[in-house]
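Coordinate inspection notes
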Amino acid sequence: MHLDIFSKGNSFFHRLDPRIKIIVFIPLVFAVAALQRWEAALLYFLLAGTFVFFAHVDWQALLNRCFIFNGFILFLWLTLPFSIDGTPLFTCMGLTFSRQGAVYASLIALKANALYLFTISLIGTTEPFTFAHALFHLKCPKKLVYIAIFLYRYVAVLHEEYERMLSAVRIRAFRAKTDIHTFRTLAYMIGMLFVNSYDRSQRIYQALQLRGFRGDFPMLIHFQWKRSDVIFAGLIGTLLVVQAALWT
């Protein structure tokens with residue numbers, strides 16, 4: 001699982017202090033989620049697109065994920081305009097497509113895509129363990145940060161284990177169908193995945209004990225503020241204040 005596919009690079013956003021990214025990202029999320037006007041949502045969507053452009057991410061990977069993500073947004077366009085009363089634009093199979101419903105669906109779509117692009121440009125350009133290091137510096141609870149670290153590390157491991165099991169059954173000419181054999185095979189795979197997960201967790205626990213782990217990882221490298229970090233945070237803060245003054 002390539003959970004850190006966007007974290008490799010040397011763009012401005014890759015070089016930003018990860019603490020600044022988190023500090024900027026949190027108010028941006030709340031600001032975008034609270035928007036009630038599509039003009040403001042469009043502004044933030046364009047800003048997020050600008051961030052992604054200057055982050056120099058892998059466009060093919062970004063578009064693939066964006067396509068999957070917007071597949072869920074499509075259901076909003078198939079339901080909201082027909083379920084909200086307002087000025088009718090057209091009628092389909094006895095259902096009225098309203099202008100107000102379309103505006104509301106476009107608002108949600110713009111906000112969701114803006115948040116997605118902000119996440120890619122700010123959080124996605126940070127290596128997971130560097131992100132966890134920044135959370136330590138921001139005084140987040142250590143136990144939660146360690147849970148996130150181990151979750152990131154071993155979800156990928158379990159996915160690799162699942163891929164190996166899937167390859168093994170495919171080599172044995174397994175073809176998924178809607179029959180008892182397929183259901184039994186998938187149940188065996190899921191059961192073995194749980195068993196292997198438990199065995200792996202025991203080995204990890206013993207390995208940490210052998211290395212003297214006592215619930216804390218030493219941090220040898222620390223972050224330092226740069227002028228570009230402060231300027232970036234100041235610009236985003238100014239934008240949030242101006243937006244709050246104009247569209248509230």
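Throughout this document, residue positions are counted from 1 along each chain, in the order its sequence is written. pLDDT decides what is reported in this predicted model: residues at 70 or higher carry local features, side-chain atom pairs at 80 or more are listed and counted, and totals for whole chains, interfaces and linings draw on all residues regardless. Note that water and hydrogens are dropped before the side-chain values are worked out from all heavy atoms of the structure.

1. A few points about the environment of Ile-73
Along the polypeptide, Ile-73 turns up in helix α4 (residues 59–83). Counting along the chain gives 20 residues from Ile-73 to Phe-53, while the straight-line C-alpha distance between them is 23 Å. Setting aside residues no more than four positions away along its own chain, Ile-73 makes contact with Ala-109 and Ala-112. The way it works is that DSSP assigns letters per residue, a run of H or I at least four long becomes a helix, a run of E at least two long becomes a strand, and they are numbered from the N terminus. Between two residues, a contact is recorded if the distance between any of their heavy atoms is within 4.5 Å.

2. Description of the nonpolar core
Counting 32 residues, the largest nonpolar core has Leu-28, Tyr-44, Leu-62, Phe-118 and Phe-232 as its most contacted members. Only α2 (18–33), α3 (38–55), α4, α5 (99–123) and α9 (227–246) provide two or more residues apiece to this core. It is α5 that provides the largest number of residues to this core, a total of eight residues. Excluding residues within four positions of it along the chain, Leu-28 makes contact with Tyr-44, Leu-115, Phe-118, Leu-122, Ile-236 and Leu-240. In this description, a nonpolar core means a group of buried Ala, Val, Leu, Ile, Met, Phe, Trp, Tyr and Cys residues linked to one another through side-chain atoms lying within 4.5 Å. We call a residue buried when its accessible area falls under 20% of the maximum for its residue type, exposed when it is over 50%, and partly exposed in between, using a 1.4 Å probe and counting protein chains only.

3. Focus: the side chain of Thr-182
In this fold, Thr-182 is placed in helix α8 (residues 180–210). In contact with Thr-182, other than residues within four places in its own chain, are Phe-174, Arg-175, Ala-176 and Lys-177.

4. Remarks on the packing of α3 against α5
Contact geometry of α3 with α5 gives a least axis separation of 8 Å together with a crossing angle of 25°. It follows from the interaxial angle that α3 and α5 lie roughly parallel. As for how α3 packs across α5, the hand of that crossing is left-handed. Together, Trp-38, Ala-41, Leu-42, Tyr-44, Phe-45, Leu-47, Ala-48, Gly-49, Phe-51 and Val-52 of α3 and Val-103, Leu-107, Leu-110, Lys-111, Asn-113, Ala-114, Leu-117, Phe-118 and Ser-121 of α5 make up the contact between the two elements. Partitioning the contact of α3 with α5 into residue classes produces 15 nonpolar, three polar and one charged. Axis definition: a line fitted to C-alpha atoms, over the contacting stretch in the case of helices. Angles run 0 to 180 degrees between N-to-C directions. If an angle is under 35 degrees, it is roughly parallel; if it is over 145, roughly antiparallel; if it lies from 65 to 115, roughly perpendicular; otherwise it is oblique. Put simply, a crossing is left-handed when the front helix is turned counterclockwise from the back one by less than a right angle, and right-handed when it is turned clockwise. Three categories are distinguished: nonpolar for Ala, Val, Leu, Ile, Met, Phe, Trp, Tyr, Cys and Pro, charged for Asp, Glu, Lys and Arg, and polar for the others, with Gly belonging to the last.

5. Points about the packing of α4 against α5
The interhelical angle for the contact between α4 and α5, taken along N-to-C directions, is 160°, at an axis separation of 9 Å. Taken together, the axes of α4 and α5 lie roughly antiparallel to each other. Relative to α5, α4 is oriented so that their crossing is right-handed. Contacts between α4 and α5 involve Leu-62, Arg-65, Cys-66, Phe-69, Asn-70, Ile-73, Leu-76, Trp-77, Leu-80 and Pro-81 from the former and Gly-101, Ala-102, Tyr-104, Ala-105, Ser-106, Ile-108, Ala-109, Ala-112, Asn-113, Tyr-116, Leu-117 and Ile-120 from the latter.

6. Description of a nonpolar patch on the surface
Note on patches: the residues involved have over 30% relative accessible area and no salt bridge, like charges join within 9 Å, and the nonpolar side chains Val, Leu, Ile, Met, Phe, Trp and Tyr join within 5 Å. Under the convention used here, a 1.4 Å probe and the Shrake-Rupley method define accessible areas, while residue burial counts only the protein chains that appear. In what follows, salt bridge is the name for a side-chain nitrogen of Lys or Arg lying within 4 Å of a carboxyl oxygen of Asp or Glu. A cluster of nonpolar side chains, Phe-67, Ile-68, Phe-72, Leu-74, Phe-75, Trp-77 and Leu-78, forms an exposed patch at the surface whose accessible area comes to about 840 Å². For Trp-77, the position within the fold is in helix α4. Trp-77 gets classed as partly exposed once you look at its relative accessible area, which sits at 31%.

7. Notes on the pattern of salt bridges
Here the structure, examined in full by the defined rule, presents five salt bridges. Note that Asp-17 and Arg-19 form a salt bridge whose closest N and O atoms lie 2.8 Å from each other. Take Arg-19: its relative accessible area is 9%, and that puts it in the buried class. For the salt bridge of Glu-161 with Arg-164, the shortest nitrogen-to-oxygen distance reads 2.4 Å. Of this pair, Glu-161 and Arg-164 both sit in helix α7 (residues 142–171), separated by three residues, roughly a single helical turn. Its relative accessible area of 15% is what places Glu-161 among the buried residues.

8. Remarks on the confidence of the model for the protein chain
Per-chain confidence: the protein chain averages 82 in pLDDT, with 97% of residues scoring 70 or above. Strand β1 (residues 88–92) is the least confidently modelled element of the protein chain, averaging 71 in pLDDT, while α2 averages 89, the highest of any element. A residue's pLDDT is the confidence the predictor assigns to it, expressed on a 0 to 100 scale.

9. Quick notes on the packing of aromatic side chains
Each aromatic pair joins two rings of Phe, Tyr and Trp (for Trp, the six-membered one) with centres within 6.5 Å, and gets the label stacked for planes under 30 degrees apart, edge-to-face for over 60, and tilted for any other angle. Using the criterion set out here, one finds nine aromatic pairs in the structure. Ring centres 5.5 Å apart and planes at 70° place the aromatic pair Phe-51 and Phe-118 in the edge-to-face group. Taken together, the positions of Phe-51 in helix α3 and Phe-118 in helix α5 put the pair 67 residues apart, joining distant regions of the chain. Given the relative accessible area of 6%, Phe-51 is considered buried. Seen in terms of ring centroids, Phe-69 and Tyr-116 are 5.1 Å apart; in terms of plane orientation they differ by 15°. Their pairing is stacked. Of this pair, Phe-69 sits in helix α4 while Tyr-116 sits in helix α5, placing them 47 residues apart in sequence. Aromatic ring contacts, followed pair by pair, group Phe-12, Phe-13, Phe-51, Phe-118 and Phe-232 into a single cluster.

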